[in-house]
Amino acid sequence: MVAAWLRRLADQNNSFSAALPPLPYSSYLNTSHHNLPVCFGLSAVDGTDRLCVSERAQCIPSRVLHLRQLPPDVSEQEVLSLALPFGRVSKLITLKTKNQAFLEMASEEAAVTMVNYYTSATPSIRSQPVYIQYSTHRELKTDNMTNQRAQTALQAINAGAVHSGNMISGGEGRGIAPGQSPVLRIIVENLFYPVTLEVLQQIFSKFGSVLKIITFTRNNQFQALLQFSDTVHAQHAKATLDGQNIYNGCCTLRIDFSKLSALNVKYNNDKSRDFTRADLPSGELEPTAAFGVALPPYGAAAFPPTFHQHTGLSMAAVPGSLVSHPRVSLQMAPPVVHSVLLVSNLNPESVTPHCLFILFGVYGDVQRVKILFNKKENALVQMSDATQAQLAMSHLNGQRLHGNVIRVTLSKHPVVQLPRGGAGQEEQALTRDFSGSALHRFKKPGSKNFNNIFPPSATLHLSNIPSSVSEEVLKDLFSSNGFAVKAFKFFQKDRKMALMQLASVEEAIEALIILHDHQLDHNQHLRVSFSKSTI
């Protein structure tokens, strides 16, 4: 009997909506009349079902909601994740053969809040839009044999939420779906313009109070952890912003819930910010976990890293229709971006233009370097383009060079000016033009070097090794320059390459600067870069 009722329930709710084109569900909802939702759908009058006469006819709110166009293999947990932030779900029925589901909220108020909320933030499961409307039925009928799996999942989630204190007892409080917290993990793909902490705060604060932000680079991608004051705000931001472009055609947001329930920010600077604590020090930026939080590896993330690049095409050359996202981009005005970096807190006794050229050259082709004559702890480094400047800044800001933790930020100068004719010899020596250097790593379009850009690490990748050079010769080369070799390994399939592990990241940075392009025989020079591998 219940099975027959379920079929009739789905058929009744679908008799009209199945004939509709797959418009966004917001086309079916309207709150302009008496503050009540309005939709296409069914209404019960005099014990019979009939269609609403127009899209502006008022629908009667109900605790029972009808969800359609679900993914074919949707799980009960995925369906519940849409509803639990708005209150306790009393009953759930999934009709997977029809790609539909019905759920009954514990209160009509929770159902109305959920429907009204999703009029401005299209819900989706696995990037597939889900359409939600009121059901004509006032309650769901279930028995022990009907949708047993759904009921079991619902009971487990409700019990877990109450047990963990995330749901207010009494049935009408707001619940939090498993795996959802007020902390979002954000990855920015196709990073053409720099994305700063301030840009993220400006975007996400439109959805609720942003408490804390931590930015970092992992797997050659700009990422951030952002904490809202409330999980519902986090879900709203995720539902609205996931997959959208910050700037037209680039800087695409990929958003998921973090496994962290809160962020512990120790410093307020350009990489981390606690907006509730203005008294925090700026601190010295450390390369990895300087912010009091252990960042989970990609294996613990809810989605793997992905790369979407328009290789070989400048943004100006790509038609907007090819790069625009199906959803409207955030249309923020692109920042005025220059390719010049300001490097500060350098060791004036040790730093040279050539040293900065080699180090920053790992992340792009350095054109000019200028150490400021009257303030030698600061330098300007001009990269080939803004993307390379962003990449170098992301990887080198906070690293230790010659004993000092350096800071790398974007400069307001569009170019590095060469000294004028009347400049002294010392001032001229502090500025170098490297635009014609043979040591540029990325001058060849499509070079494989673009695929091997990694953050500084204690393990170095050595290449262009002559067959006559042995492991002992390479170890002696590094140790004679004051570096402690911890491990060494030739590549099995190619003895022209090897990995060498030093005592620290700082030591590896120094070794790369000194020994990159070191002559090993009469016509071969050693190539040194950072490796993501360990020995």
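In what follows, the structure referred to is the one given above.
Report on the accompanying structure.

Rules behind the numbers
Residues numbered from 1 in each chain as written. Predicted model: local features only at pLDDT ≥ 70, side-chain atom pairs only at ≥ 80, totals over all residues. Heavy atoms only, no water. Helix = DSSP H or I, 4+ residues; strand = E, 2+ residues; numbered from the N terminus. Buried < 20%, exposed > 50% of the residue type's maximum accessible area, 1.4 Å probe, protein only. Contact = heavy atoms within 4.5 Å. Core = buried A, V, L, I, M, F, W, Y, C linked by side-chain atoms within 4.5 Å. Pairing = 2+ DSSP bridges. Axes fitted to C-alpha atoms, helices over the stretch in contact; angles between N-to-C directions. Parallel < 35°, antiparallel > 145°, perpendicular 65-115°, else oblique. Nonpolar A, V, L, I, M, F, W, Y, C, P; charged D, E, K, R; others polar. Phe/Tyr/Trp six-rings, centres within 6.5 Å; stacked < 30°, edge-to-face > 60°. Polar contact = N/O pair within 3.5 Å; in protein donor to acceptor, adjacent residues only side chain to side chain. Salt bridge = Lys/Arg side-chain N within 4 Å of Asp/Glu carboxyl O.

What follows is about the side chain of His395. Here His395 lies in helix α9 (residues 386-396). What makes His395 buried here is its relative accessible area of 3%. Apart from residues no more than four positions distant in its own chain, His395 is found in contact with Thr217, Asn220, Tyr363, Ile453, Phe454, Pro455 and Pro456.

Here we come to the nonpolar core. Ranked by internal contacts, the top residues of the largest apolar core, which has 53 residues, are Leu356, Phe360, Leu401, Leu460, Leu462 and Phe478. In this view, Phe478 contacts Leu460, Leu462, Phe483, Val485, Met500, Leu502, Ala511, Leu515 and Leu526; residues no more than four positions away in its chain are not counted.

Looking now at the environment of Val74. One can find Val74 in the loop between β5 (64-68) and α2 (76-83). A relative accessible area of 3% means that Val74 is categorised as buried. For the pair Val74 and Ile125, spaced 51 residues apart in sequence, the C-alpha to C-alpha distance is 8.1 Å. For Val74, the residues in contact, after removing those within four places along its chain, are Val79, Lys96, Ile125 and Arg126.

Time to look at the sheet that holds strand β17 (residues 340-344). The five strands lie next to each other as β22-β17-β19-β18-β23, forming an open sheet whose pairing is antiparallel. If you trace the sheet from one side to the other, it starts and ends with β22 (407-410) and β23 (431-433), each paired once. Averaged over neighbouring strand pairs, the angle between their axes works out to 20° when direction is ignored. Here strand β18 (residues 366-371) runs beside β23; their pairing, made up of three bridges, is antiparallel. Of the residues in β23, the one forming a bridge with Arg368 is Asp433. The strands touched by helix α8 (residues 353-360) are β17, β18, β19 (379-383), β22 and β23; relative to β18, the strand with the most contacts, the crossing angle is about 140°. Sheet strands touched by α9: β17, β19 and β22. Its angle to β22, the strand with the most contacts, is close to 155°.

What follows deals with the environment of Gln388. Looking at the secondary structure, you find Gln388 in helix α9. Overall, the relative accessible area of 10% leaves Gln388 in the buried class. The spatial distance from the C-alpha of Gln388 to the C-alpha of Phe360 is 9.4 Å, given a sequence separation of 28 residues. Once residues lying within four places of it in the same chain are set aside, the contact partners of Gln388 are Tyr363, Gly364, Asp365, Met383 and Phe442.

On to the packing of α8 against helix α12 (residues 505-515). Contact geometry of α8 with α12 gives a least axis separation of 9 Å together with a crossing angle of 110°. Classed by the angle they form, the pair α8 and α12 counts as roughly perpendicular. Together, Cys355, Ile358 and Leu359 of α8 and Ile509, Leu512 and Ile513 of α12 make up the contact between the two elements. Classifying every residue of the contact of α8 with α12 gives six nonpolar, no polar and no charged.

All right, on to the pairing of strand β13 (residues 221-228) then. Counting buried positions over the eight residues of β13 gives eight, a clear majority of the element. Relative to β13, strand β11 (residues 183-189) runs antiparallel, the two being bridged by six bridges. Counted as the bridge partner of Leu184 is Leu226 from β13. Sheet analysis places strand β12 (residues 210-218) next to β13, joined by eight bridges and oriented antiparallel. Note that in β13 the partner of Thr217 across the bridge is Phe222.

Moving on, we get to the sheet that holds strand β10 (residues 131-134). Sheets are built from strands paired through backbone hydrogen bonds, the pairs being either parallel or antiparallel. One open sheet accounts for four strands, arranged β6-β7-β5-β10; its pairing is antiparallel. This sheet does not close on itself; its edge strands, each paired only once, are β6 (89-95) and β10. Each neighbouring strand pair of the sheet contributes to a mean axis angle of 20°, computed without reference to strand direction. Across the sheet, α2 touches β5, β6 and β7 (100-105), and the angle it forms with β6 is around 135°. Helix-sheet contacts for helix α3 (residues 108-117) involve β5, β7 and β10, and the interaxial angle to β10 is about 140°.

The next point concerns unusual backbone geometry. If you check the backbone angles, Asn99 has positive phi at about 55° while not being a glycine. By the secondary structure assignment, Asn99 is in the loop between β6 and β7. The exposure class of Asn99 is partly exposed, given its relative accessible area of 26%.

This next bit is on the packing of aromatic side chains. Taken as a whole and assessed by the stated rule, the structure comprises three aromatic pairs. Ring centres of Phe204 and Phe228 lie 6.4 Å apart, and the angle between their planes is 55°; on these two criteria the pair is classed as tilted. Here Phe228 lies in strand β13 and Phe204 lies in helix α5 (residues 197-204), a separation of 24 residues in the sequence. The exposure class of Phe204 is buried, given its relative accessible area of 0%. With a centroid separation of 5.0 Å and an interplanar angle of 90°, the aromatic rings of Phe488 and Phe490 are classed as edge-to-face.

Glancing now at the side chain of Ser272. Of note, Ser272 is situated in strand β16 (residues 272-274). Engagement of the side chain of Ser272 in a polar contact is seen with the backbone oxygen of Tyr267, the distance being 2.5 Å.

Moving on, we come to α8. The element α8 is largely enclosed, with a buried count of seven among its eight residues. If you check which residues of α8 are buried, you get Pro353, Cys355, Leu356, Phe357, Ile358, Leu359 and Phe360.

The next thing to look at is the pattern of salt bridges. Counted by the stated rule, this structure contains 11 salt bridges. We note a salt bridge from Arg407 to Asp270, for which the minimum N-O separation is 3.8 Å. Here Arg407, found in strand β22, pairs with Asp270, found in the loop between β15 (250-257) and β16; they are 137 residues apart in sequence, far enough to count as distant. Its relative accessible area of 29% is what places Arg407 among the partly exposed residues. You can call Asp270 partly exposed: its relative accessible area is 28%.

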